[in-house]
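# Descriptive analysis of the structure
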Amino acid sequence: MTIKRCSSLGAKRTESSQSRNMKKSGNKYWENLKVDCWMYCSGLIMASPPTVLMRLVASAYAIAQKAGAIVRCVIAEGDLGIVQKTSATDLQTKADRLVQMSICSSLARKFPRLTIIGEEDLPPGEVDQELIEDGQWEEILQQPCPSQYSAIKEEDLVVWVDPLDGTKEYTEGLLDNVTVLIGIAYEGKAIAGIINQPYYNYQSNEKEKLREQRNKVKAGPDAVLGRTIWGVLGLGAFGFQLKEAPAGKHIITTTRSHSNKLVTDCVEAMNPDNVLRVGGAGNKIIQLIEGKASAYVFASPGCKKWDTCAPEVILHAVGGKLTDIHGNALQYNKEVKHMNSAGVLAALRNYEYYASRVPESVKSALTP
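Structure report, in brief.

## Some remarks on the overall build of the chain
The helix and strand inventory of the chain stands at 12 helices and 13 strands. Buried positions account for 49% of the 368 residues belonging to the chain. Taking all contacts inside the chain whose residues are at least 6 apart in sequence as the whole, residues at least 24 apart take part in 74%. As displayed, the chain has an accessible area near 17900 Å², and 50% of this comes from carbon and sulfur atoms.

## Some words on the environment of Ile-116
With respect to the element layout, Ile-116 can be found in strand E3 (residues 115–118). We classify Ile-116 as partly exposed; its relative accessible area is 24%. The sequence separation of Ile-116 and Ile-182 amounts to 66 residues, and the corresponding C-alpha distance is 9.9 Å.

## As for the side chain of Lys-168
Among the secondary structure elements, Lys-168 is positioned in helix H6 (residues 167–171). Engagement of the side chain of Lys-168 in a polar contact is seen with the side chain of Glu-172, the distance being 2.4 Å. The contacts of Lys-168, once residues within four sequence positions are left out, are Ala-88, Thr-89, Leu-91, Arg-256 and Ser-257.

## Some words on the pairing of strand E4 (residues 157–165)
Within E4, nine of the nine residues are buried, leaving the element largely enclosed by the surrounding structure. Summarising the sheet, E4 and strand E5 (residues 179–186) pair through seven bridges and their orientation is antiparallel. Counted as the bridge partner of Val-161 is Ile-182 from E5.

## Topic: the sheet that holds E4
The strand order across the open sheet formed by six strands is E3-E4-E5-E6-E7-E8, and the pairing between neighbours is mixed. Every interior strand has two partners, whereas the edge strands, E3 and strand E8 (236–238), have only one. Going across the sheet, the axis of each strand differs from the next one's by a mean of 15°, ignoring polarity. Bridge analysis of E5 against strand E6 (residues 189–197) gives seven bridges, and the strand direction is antiparallel. Residue Tyr-186 lies in a different strand from E6, and its bridge partner there is Lys-189. Together, E4, E5, E6 and strand E7 (227–232) form the strand contacts of helix H3 (residues 52–77), whose direction differs from that of E6 by roughly 30°. Lying on the sheet, helix H10 (residues 305–317) is in contact with E3, E4, E5, E6, E7 and E8; it crosses E6 at an angle near 100°.

## Focus: H3
Given a rise of 1.5 Å per residue, 26 residues ought to cover 38 Å, and the 37 Å separating the end C-alpha atoms of H3 matches this to within 8%. Backbone geometry just after H3 places Gly-78 at a positive phi near 95°.

## Here's the deal with the packing of aromatic side chains
Per the counting criterion, the structure on display carries seven aromatic pairs. Seen in terms of ring centroids, Tyr-149 and Tyr-186 are 6.4 Å apart; in terms of plane orientation they differ by 85°. Their pairing is edge-to-face. Of this pair, Tyr-149 sits in the loop between helix H5 (138–141) and E4 while Tyr-186 sits in strand E5, and the two are 37 residues apart along the sequence. Judged by relative accessible area, which is 7%, Tyr-149 ranks as buried. An angle of 40° between the planes, with centres 6.4 Å apart, marks the rings of Trp-160 and Trp-306 as tilted. A residue pair is termed long-range when its members are at least 10 positions apart, and Trp-160 in strand E4 and Trp-306 in helix H10 qualify at 146 residues. Note on Trp-306: relative accessible area 6%, which makes it buried. A network of ring pairs unites the aromatic residues Trp-160, Trp-306 and Tyr-332 as a single cluster. In this structure, Arg-227 is placed above the aromatic ring of Tyr-200, and the distance from its NZ or CZ to the ring centre is 3.8 Å.

## Let's talk about the pairing of strand E13 (residues 344–347)
Residues Val-344 and Ala-346 point to one face of E13 and Leu-345 and Ala-347 to the other, with burial holding for every one of them. Taken together, the four bridges between strand E11 (residues 295–298) and E13 define a ladder with antiparallel strand orientation. Pairing of Ala-295 across the sheet is with Ala-347, part of E13. Two elements, strand E12 (residues 321–323) and E13, share three bridges in a ladder whose sense is antiparallel.

## Considering the sheet that holds strand E10 (residues 274–278)
Taken together, five strands build an open sheet; the order of strands is E10-E9-E11-E13-E12 and the sheet is mixed. At either margin of the open sheet sits one strand with a lone partner, and together these are E10 and E12. Taken over all neighbouring pairs, the strand axes of this sheet differ in orientation by 20° on average, direction set aside. Summarising the sheet, strand E9 (residues 251–255) and E11 pair through two bridges and their orientation is parallel. Its bridge partner lying in E11, Ile-252 is registered against Ala-295. Contacting E9, E10 and E11, helix H8 (residues 261–269) crosses the sheet at an angle of about 175° to E9.

## Comments concerning the packing of helix H9 (residues 281–289) against H10
H10 packs onto H9 with a crossing angle of 10° between their chain directions and a minimal axis gap of 9 Å. Here H10 runs roughly parallel to H9, going by the angle between their axes. Listed contacts from H10 to Ala-281, Gly-282, Ile-285, Leu-288 and Ile-289 of H9 are Asp-307, Pro-311, Ile-314 and Leu-315. Looking at the contact of H9 with H10 residue by residue, the class counts come to seven nonpolar, one polar and one charged.

Quick notes on the rules
Residues numbered from 1 in each chain as written. Predicted model: local features only at pLDDT ≥ 70, side-chain atom pairs only at ≥ 80, totals over all residues. Heavy atoms only, no water. Helix = DSSP H or I, 4+ residues; strand = E, 2+ residues; numbered from the N terminus. Buried < 20%, exposed > 50% of the residue type's maximum accessible area, 1.4 Å probe, protein only. Contact = heavy atoms within 4.5 Å. Areas by Shrake-Rupley, 256 points an atom, 1.4 Å probe, with all protein chains shown as cover. Polar contact = N/O pair within 3.5 Å; in protein donor to acceptor, adjacent residues only side chain to side chain. Pairing = 2+ DSSP bridges. Axes fitted to C-alpha atoms, helices over the stretch in contact; angles between N-to-C directions. Expected span 1.5 Å × (residues − 1). Phe/Tyr/Trp six-rings, centres within 6.5 Å; stacked < 30°, edge-to-face > 60°. Lys NZ or Arg CZ within 6 Å of the ring centre and 35° of its normal. Parallel < 35°, antiparallel > 145°, perpendicular 65-115°, else oblique. Nonpolar A, V, L, I, M, F, W, Y, C, P; charged D, E, K, R; others polar.

In structure tokens:
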């Protein structure tokens, strides 16, 4: 509904046929005007309903929260249902399958004209009602939609879903590496994203295996387990405390389980003070925005669009930059190939420094 405005307020008063008619009608006009103004100021005349984008983000937030709960539930039950896909480092678990069904089905029911692309290749079938989330996060609905996205229709949007980013780490008990990613793209550009960290505040020991520690899952003192970060370009990013890495330090975060000579050569070319080898693209971007790392360097074609769509939005919303190794923006339209074949380079600040140090030998080996 359009806001009803009191256009007469503040206008220059001149004698006219209209004003003479008002006088003839006594105080009725002014009484109605007062009522209109009171209703406007007290919020009884509502602003336009939330846009498609903000409704989608609000729903995706609630769905991501449920996804995080599913991830924790699978661990608690003890049977991960691990399946090897293309290699020993490319795994799928029961959590991957259940979370993708939950996210995709919940979104499709509410937004039937969306294009939804998930990582897992799952057979069609009925989805248990317990996996469906039909709620939405009211605080997001109260936020204004950036004007450039206010007229977007459902069919204009593409949603990229990684149900469990950092699956290998999940199977090894490195639970704080794990994220759930829901990225939203418009005209090939990532514009909104949601990252759920099911085990935020979890205190893990990287030397322990999952079977030894799954019954010891805990949070820090008085801490809530798990969190959800979200962002929209032109609006901002929320759910975390933005912090920059120490000035003058080059702390590189890179892959833990998909390294090769190209990755190593590119990381070393950054003249790093420290190298963090962790799992999950979402986790690495969180390291950037929370000041634990200066740049994310991955000179390999192993990363895919569902890995980068949501994290890219969060980083860009706070002034960072994510591209391929050549400096090209990633494209997220529905026809694009899923593989980020030219790798990933990202930084919260000083992106140009890291881009300038990518070796030509690395660039020539990675074709966009």
